[in-house]
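# Descriptive structure summary
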Amino acid sequence: VDWGTAIGDGTTWSTLSSDEWNYLFTGRAGATIGGTSNCRYASAKVNGVKGVILIPEHVGDGNTSFTWPQGITAPSTYNDFVNGWSGAPSYNADQWKTLERAGCVFLPAVGYREGTTPKAFGLGGYYWSSSPHPSNGSFANYCRFYETYVSPQSPEALRKWGCSVRLVQNAN
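The sections below set out a description of the structure shown in this document. (Residues numbered from 1 in each chain as written. Predicted model: local features only at pLDDT ≥ 70, side-chain atom pairs only at ≥ 80, totals over all residues. Heavy atoms only, no water.)

This part covers the environment of F25. Mapped onto the elements of the fold, F25 is located in helix α2 (residues 18-27). F25 sits 128 residues away from Q153 along the chain, and the two C-alpha atoms are 10.0 Å apart. (Helix = DSSP H or I, 4+ residues; strand = E, 2+ residues; numbered from the N terminus.)

Put into structure tokens, the structure is as follows:
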């Protein structure tokens with residue numbers, strides 16, 4: 001099912017397409033944090049759960065540049081996993097609430113399900129896209145990340161796998 005057309009009028013909530021996942025991780029300008037420009041994502045742990053933080057470039061009206069919240073340690077690397085999970089900053093629930101209010105989004109590394117068997121839990125994140133595989137109806141495109149890389153346009157997930165669904169909606 002295309003989650004985007006199955007909910008409401010298809011524009012209220014939707015699943016990111018393969019191109020939109022790619023844009024989030026590689027195509028947008030990103031924020032400037034501590035003198036480092038083009039900060040789009042960083043590995044992190046939130047309440048002990050490994051994952052990826054998507055960092056907004058703008059907040060509020062869409063014209064105000066994102067500013068990393070004071071009192072919360074910013075990641076030391078962006079847009080790659082040079083240090084893997086060992087180099088990822090850790091945030092508690094209160095710190096994450098502050099980051100979330102500032103516009104950050106956390107994608108936990110919850111793995112996927114193959115039949116009834118969980119796979120890669122705590123090692124990687126698997127998130128469906130709304131884009132079908134271009135030539136094989138048994139497969140679908142998805143975004144995945146592991147300790148050492150991000151692949152926002154992975155094309156070979158069997159549709160019977162249980163990947164996470166991240167619903168989004170356009171900001172007003």
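By the element assignment, T117 lies in strand β11 (residues 117-119). Put simply, T117 and E156 are 39 residues apart on the chain and 18 Å apart in space, counted from C-alpha to C-alpha.

Glancing now at the sheet that holds strand β4 (residues 41-46). Backbone-to-backbone hydrogen bonds pair the strands of a sheet. The strands run either parallel or antiparallel. Taken together, 4 strands build an open sheet; the order of strands is β8-β4-β5-β9 and the sheet is mixed. Two strands lie at the open edges of the sheet, namely β8 (90-91) and β9 (105-108), each paired on one side alone. Note: β4 against β8, 2 bridges, orientation parallel. Paired with V46 across the two strands is Y91, which belongs to β8. Strands β4, β5 (49-54) and β9 of the sheet are contacted by α2, whose axis makes an angle of about 85 degrees with β5. (Pairing = 2+ DSSP bridges. Contact = heavy atoms within 4.5 Å. Axes fitted to C-alpha atoms, helices over the stretch in contact; angles between N-to-C directions.)

This part takes up the pairing of β4. Taken across its 6 residues, β4 has 5 buried, putting it largely inside the fold. With 6 bridges connecting them, β4 and β5 associate as antiparallel partners. When the sheet's bridge partners are listed, Y41 is paired in β5 with L54. Linking β4 to β5, which pair antiparallel, is a turn of 2 residues; within it N47 sits at a positive phi near 55 degrees. (Buried < 20%, exposed > 50% of the residue type's maximum accessible area, 1.4 Å probe, protein only.)

Position of V168 relative to the elements: it lies in strand β15 (residues 167-168). In this structure V168 comes out as partly exposed when scored by relative accessible area, which is 25%. Remark: the alpha-carbon pair of V168 and E100, spanning 68 residues in sequence, is separated by 15 Å.

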